[in-house]
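Examination of the molecular architecture
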Amino acid sequence: MSSEFWIAQTFNGISYGALLFLLASGLSLIFGVMRIVNLAHGSYFMLGGYVGLSIVWRTGSFTAALVAAAVAVGLIGIGMERLFLQRLAGQTLGQVLMTIGFALIFQDLALLIWGGDPYTIPAPKILQGVVRVRGSSFPTYRVFIVLVALLVGILLWLALERTRAGAMIRAAVDDGEMARGIGINVPMISLAVFALGACLAALGGVIGGAFLGVFPGADFEVLPYAFVVVIVGGLGSLPGAMVGSLLVGLLDNFGKALFPELSYFTLFAPMAVILALRPTGLFGRL
Amino acid sequence: MGRRAIWACLVGALLAIVAPLLPAYPLTLLTQALIAAMLAMSLDLLLGYTGLPSLGHAAYFGVGAYAVAILATGRQVGFAGCLVGGLLAAGITAAVFGLLAIRATGTYFLMITLALGMVIWGLAFRWVSLTQGDNGISGVPRPELGLPWSLSGPLPFFYLTLVAAMVAWALLTLLVTSPFGLGLVGIRESESRMRALGYNVWWHKYLAFVISGTIAGFAGVFWAYYNGFVSPVDTQLVTSVEALLMVALGGPGTLVGPAVGAALIVFLKNFISVYTKRWLLILGAVYIGAILFAPRGLLGALGRGRR
C-alpha cells in the first residue's frame, strides 16, 4: 500500500477523532460530575444537525446554524437535567431508562419534523476545496474540524484548570459530597456541565452534518463511538477524551479501510486490551 | 417457592387450555410475549439478582438467533443441531465478553456491556458474507421435531414456545433459590461482605453472566424460528434497552415480574402500532413514566402495597 494511502487514512482518522472529541468530551464531563450515563447524548448530536440544517436552509449562514443548534439543544439539555434527571441521582437503571426514553422521543420527533430522507449540510464556500501540503492534499473541511476540536479542547482545558468555575467542577468530579460541604453549588455546576455537554454535542452535529450527513438513526450510530471513547479514555477525564477520540477515530478509519467486514471488531479488540490492563481506562481514576 | 411454582404451573396450564380458542393473531402475540419473557427473565438473573445492569443483552439473544438462521437456512441443520448451536454460540460469546465486563461494576459495567453489544451489532451489520448485513437472513423454516404434527401452524409452535418458557423459568427459579443464587443476592447487597465471608465473588458473577447470556440465546433460538427472519435490529441497543425496560417495569429480582413486563411491552407495542405510526414516541413516554411512577416495577409497587 502506498504512503499516499497511509497519509490520507491517518488524516481521515484524525479528523473523525476530532469530531468524536466534540461529542465525547461533553459526555465524559457529564459523567464525571453527575455519574449519569446519558443515552440521549447521541440525540443531541442528531438534533443539533437537524436544527443546523433548518437554519442553513433559512438563512444560508453556517455560523448562525452553529449558534442556533448549540442554543436550542443546550436548552433541551437544561430542561432534561432540571426537570427529570436531577431527581434520579444515584439510580443508574432509572437514568438509563429515562435517557433512552428521551432518545426514542427525540428520534420520533425528528422523523416527524424532518422526515426520513438523509440530508447534508452545505459547508461554507471558504471551507470547500483542498489544502495542499508537500504534495498531499487534504480536504479543507476536515482541517477545519481538527482546528475546531483543538480550539474546543484548549478552551475546555483552560476553563477547567485556570478558572474558579473550573476548579469547582474539578472539585465536584473528585468528591461531590465534599464539594457541597465547602459551599460549592454542585446542582448548579451539574446543570452547567450538562448544558455545556449538550451544546458541544450539537456543535458536533452541525459540523458532522456537513460530512457524515444528517439522517434518522445518526443518534444511535454515533453514541457507541462516544461511549468507547469515554471507556478507553477514562470517565470524567478531559485528556482521556482527547486521546480516546484520536485512538477511536484512527482505529475506526483503518478498520473500515483494511477490514471492511470486521470494522467494529477492530475497535473492540484494542478496547479489550486497554480494559484488561487498565480497568478504569487510560486516564481514569475511579 | 412452593406457592410460586404452583402459580406458574397454573398460569402455564391456563395458557395451554385457552390457546386453542384464540384466533391466530393474539396467539402469535402470545408466542412473541413468551419469547420476550425468556429474554427478560435471563436479564433478571443479572440485573435483579446479581445487581449487574447489562446494557447489551440483545447481543446474546441475537447471536442465538443468528446461529439458528445461519445453520437452518444455509446448512439445513435440524432443530436439535440449531438449538445446541444457538446455545453454544450465545454461551461462548457471553463467556468471552464476561471476562471483560465482570471486571467492572455499576455504571462502568453498563457502558462496557453496551460497547460489547455494539460489537455484535457491528458484526451482524457489516459481516455481510456470513450475516447478509442489513438485509438480514430470511426464510428460516419452522423446526421439524419428528412429531406426528407439523410445527408450522401458530398453535403447535405456541405450545413448543410455552414448554421452552416454562423450562427457562424452572431452571432460573432453581438457580436463584439454590445456594449459588443466594450468593448472587448477597453480592448484590454487599460485594465486600461476601468477599470477606470467603465467597469467590468474581466466579459467582462470571457464572451468572454466562448463564444469563446462554438463556438469552435460548430465547433467540425461538425468536429466529418464530419470526423466520433475523436482522441486525435483533442485536441493536434499542432491543437491549427494551429488555431492561421489561425487567424494570415488571420488578427486578422476581423472575415472574419481568415475564409480565415482557408481555405488557409486547402487547403495548403491537396495539399502539396498529393505531398510530408514532409508537416510538409513546414507547419513550412509557420509559419515562415507568421510572417516574413505578420505580420499583409493577410487582414491586403491588408488593409494597400488600405488605
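One numbering rule holds for all chains: residues counted from 1, following each sequence as written. For naming, the first written chain is A and the first written ligand is 1, with later ones following in the order written. Reporting of local features is limited, given that this is a predicted model, to residues whose pLDDT is at least 70; pairs of side-chain atoms are given and counted only at 80 or more, and all residues count toward the totals for whole chains, interfaces and linings.

Considering the overall build of chain B
When helices and strands are tallied, chain B shows 14 helices and 2 strands. Put simply, the radius of gyration uses C-alpha atoms, and a globule should come to 2.2 Å times the residue count raised to 0.38. The C-alpha radius of gyration of chain B comes to 19 Å, within 12% of the 19 Å expected for a compact globule of 307 residues. For the C-alpha atoms alone, the extent of chain B along its principal axes is close to 55 × 45 × 40 Å. Three classes are used. A residue is buried when 20 or more other C-beta atoms lie within 10 Å of its own, exposed when 12 or fewer do, and partly exposed in between, with C-beta atoms placed from the backbone. Every one of the 307 residues in chain B was classed for burial, and the buried ones make up 50%. We call two residues in contact when their backbone-placed C-beta atoms lie within 7 Å. The long-range fraction of contacts in chain B, counting pairs at least 24 apart against all pairs at least 6 apart in sequence, stands at 78%. Helical segments are the DSSP runs of H or I of at least four residues, strand segments are the runs of E of at least two, and each set is numbered from the N terminus.

Points about helix α12 (residues 256-275) of chain B
Expected span, for any helix, means 1.5 Å times one less than how many residues it has. Taking 1.5 Å per residue as the helical rise, α12 of chain B with its 20 residues ought to reach 28 Å, and the 29 Å between its terminal C-alpha atoms agrees with that figure. All of the buried residues in α12 of chain B are G257, P258, A259, V260, G261, A262, A263, I265 and V266 of chain B.

Quick word on the environment of L71 of chain B
Residue and element names in this part refer to chain B. Position of L71 among the secondary structure elements: in helix α3 (residues 58-74). Each C-alpha atom, one on L71 and one on G86, is 9.1 Å from the other, the two residues being 15 residues apart in sequence. When near neighbours in sequence (up to four residues on either side) are disregarded, L71 contacts V77, G81, C82 and G85.

Description of the environment of L109 of chain A
Structurally, L109 of chain A can be placed in helix α4 (residues 92-114). For L109 of chain A and L47 of chain A, which are 62 residues apart along the polypeptide, the C-alpha to C-alpha distance reads 9.7 Å.

A few points about the interface of chain B and chain A
Quite often, the size of an interface is put as the accessible area lost when its parts meet. In this assembly, 36 residues from chain B lie in contact with 32 residues from chain A. At the level of elements, α5 (106-126), α6 (128-131), α11 (237-250) and α13 (279-293) of chain B are the ones that each hand at least two residues to the side of chain B that touches chain A. The element that contributes the greatest number of residues to the side of chain B that touches chain A is α5 of chain B, accounting for 12 residues. Its residues assigned to classes, the side of chain B that touches chain A shows 28 nonpolar, 5 polar and 3 charged. Asp, Glu, Lys and Arg are counted as charged, while Ala, Val, Leu, Ile, Met, Phe, Trp, Tyr, Cys and Pro are counted as nonpolar; the rest, among them Gly, fall into the polar class.

Thoughts on the confidence of the model for chain B
Residues and elements named next belong to chain B. Residue-level confidence of the predictor is what pLDDT reports, using numbers from 0 through 100. The predicted model of chain B has a mean per-residue pLDDT of 84, with 93% of residues at 70 or higher. Mean pLDDT in chain B bottoms out at helix α14 (residues 297-306), which sits at 57, and peaks at helix α10 (residues 201-227), which reaches 92. Of the two predicted TM-score estimates for the complex, the pTM is 0.86 and the ipTM is 0.80.

Concerning helix α8 (residues 179-189) of chain B
One turn of an α-helix holds 3.6 residues; hence residues three or four places apart share an orientation. Residue and element names in this part refer to chain B. Taken together, the buried positions of α8 are occupied by G183, L184 and I187. Projected down its long axis, α8 shows its buried positions confined to an angular sector of 105°, all on one face. Seen from the buried face of α8, the exposed residues on the opposite side, beyond 90 degrees, are P179, L182 and E189. Contacts from the buried residues of α8 go to α2 (24-50), α9 (191-196) and α10. By arc we mean the arc of the directions from the helix axis to the C-beta atoms, nothing more.

Observations regarding unusual backbone geometry
Residues and elements named next belong to chain A. Not every positive phi belongs to a glycine, and R35 is a case in point at roughly 55°. Considering the arrangement of structural elements, one finds R35 in the loop between α1 (3-34) and α2 (41-59). According to the C-beta neighbour criterion, R35 is partly exposed, with 19 such atoms within 10 Å.

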